[in-house]
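Architecture and fold: a report
Okay, here's what each chain looks like letter by letter:
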Amino acid sequence: MEIRTVGVIGAGQMGNGIAHVCALAGYDVSINDISTEALDRAMHTIAENLDRQVARGKITQGERDAALARISTQPDLGALGKADLIIEAATENETLKHEIFKNLAPHLGEQTILTSNTSSISITRLASRTDRPERFMGLHFMNPVPIMQLVELIRGIATSEETYHVMQGVVERLGKTSASAEDFPAFIVNRILMPMINEAIYTLYEGVGTVTSIDTSLKLGANHPLGPLELADFIGLDTCLAIMNVLHDGLADTKYRPCPLLVKYVEAGWLGRKTQRGFYDYRGDEPVPTR
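Remember, predicted model here, so these are calculated numbers, not experimental data. (Residues numbered from 1 in each chain as written. Predicted model: local features only at pLDDT ≥ 70, side-chain atom pairs only at ≥ 80, totals over all residues. Heavy atoms only, no water.)

Section: the UniProt feature "domain: 3-hydroxyacyl-CoA dehydrogenase NAD binding" (unreviewed entry) in the chain
The sites that carry the UniProt feature "domain: 3-hydroxyacyl-CoA dehydrogenase NAD binding" (unreviewed entry) are, in the present numbering, residues 5-182. The span residues 5-182 is 40% helix and 21% strand, and its two end C-alpha atoms sit 27 Å from each other. (UniProt positions renumbered as here; feature names shortened; annotations may be inferred. Helix = DSSP H or I, 4+ residues; strand = E, 2+ residues; numbered from the N terminus.)

Observations regarding the UniProt feature "binding site: NAD(+)" (unreviewed entry) in the chain
When the UniProt feature table is mapped onto this chain, "binding site: NAD(+)" (unreviewed entry) is found at G10, A11, G12, Q13, M14, G15, D33, E92, K97, S119, N143 and K274. Contact partners of E92, with chain neighbours within four places excluded, come to K97, T118, S119, S120, I121 and A242. Here T118 takes part through its side chain, which lies 2.8 Å from a polar atom of the side chain of E92. Here K97 is to be found in helix α4 (residues 94-104). (Contact = heavy atoms within 4.5 Å. Polar contact = N/O pair within 3.5 Å; in protein donor to acceptor, adjacent residues only side chain to side chain.)

So, the domain arrangement of the chain
As far as domains go, the chain holds domain 1 (5-182) and domain 2 (191-289). Computed over C-alpha atoms, the centres of domain 1 and domain 2 are 27 Å apart. Each partner contributes residues to the interface: domain 1 has six residues there, and domain 2 has four residues. The interface formed by domain 1 and domain 2 includes zero salt bridges. Here domain 1 and domain 2 share zero residue pairs in polar contact (both at pLDDT 80 or more) between them. For the side of domain 1 that touches domain 2, the residue count by class is one nonpolar, four polar and one charged. (Domains from an automatic or database assignment. Salt bridge = Lys/Arg side-chain N within 4 Å of Asp/Glu carboxyl O. Nonpolar A, V, L, I, M, F, W, Y, C, P; charged D, E, K, R; others polar.)

Here is the structure:
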């Protein structure tokens, strides 16, 4: 099956990044979101990011203009059904994802492939509630999508070999590298990354180090580009908590118990960069540790 058209559900940070790279690769892309304001912001963000790539010599002005012309916004979810490939990039909430696929079902083309950009939720479980589990799989992009090279490919128990190979080809056309992961909670990257972030939060919670000392230690002592608390703020503390809960519930191991301090920050609405406060306060000229 040849993929020519792509529907992206969700116009947030991940969704607009996925639309960006798909359009640059020559696919005609339609982005859906329940919020028209989010769709407008997504187009503005994509244009800015493409302009940044032109300024850095990564793409030409002509490539930028052609990519932008391939992207359209679509507030009607059903209108995406005719796309060859649909990539769901909504909030990391299983109930919401089931609802999206349910509402999409009556509008799907016979050969349409469904994928989810979930970072932790069972692909088998998501696929089982659709009419095409053999044409359903996980397509997990890393954030920020235009920059990060990796895409995790996750097969559900029913995913066909044909679907898997088609999606391998899509990832290759995007100029990215795929890594195959089995369908277990949080797959590969987040199975390893999130417990590290959670442990950094425990280290703060227990008073072993401050926000600054923990991030400095990992940046200079382990050569990480961002400290774990900086990274948590960038990802979103609500997303970090959601993934830790999936790990804890799915694997029933106490080593995945979310740190109470992480829970407290999420309860306070301090979710990181997107709310201007997390482990750092971003409301001034420079980020300031909040503990």
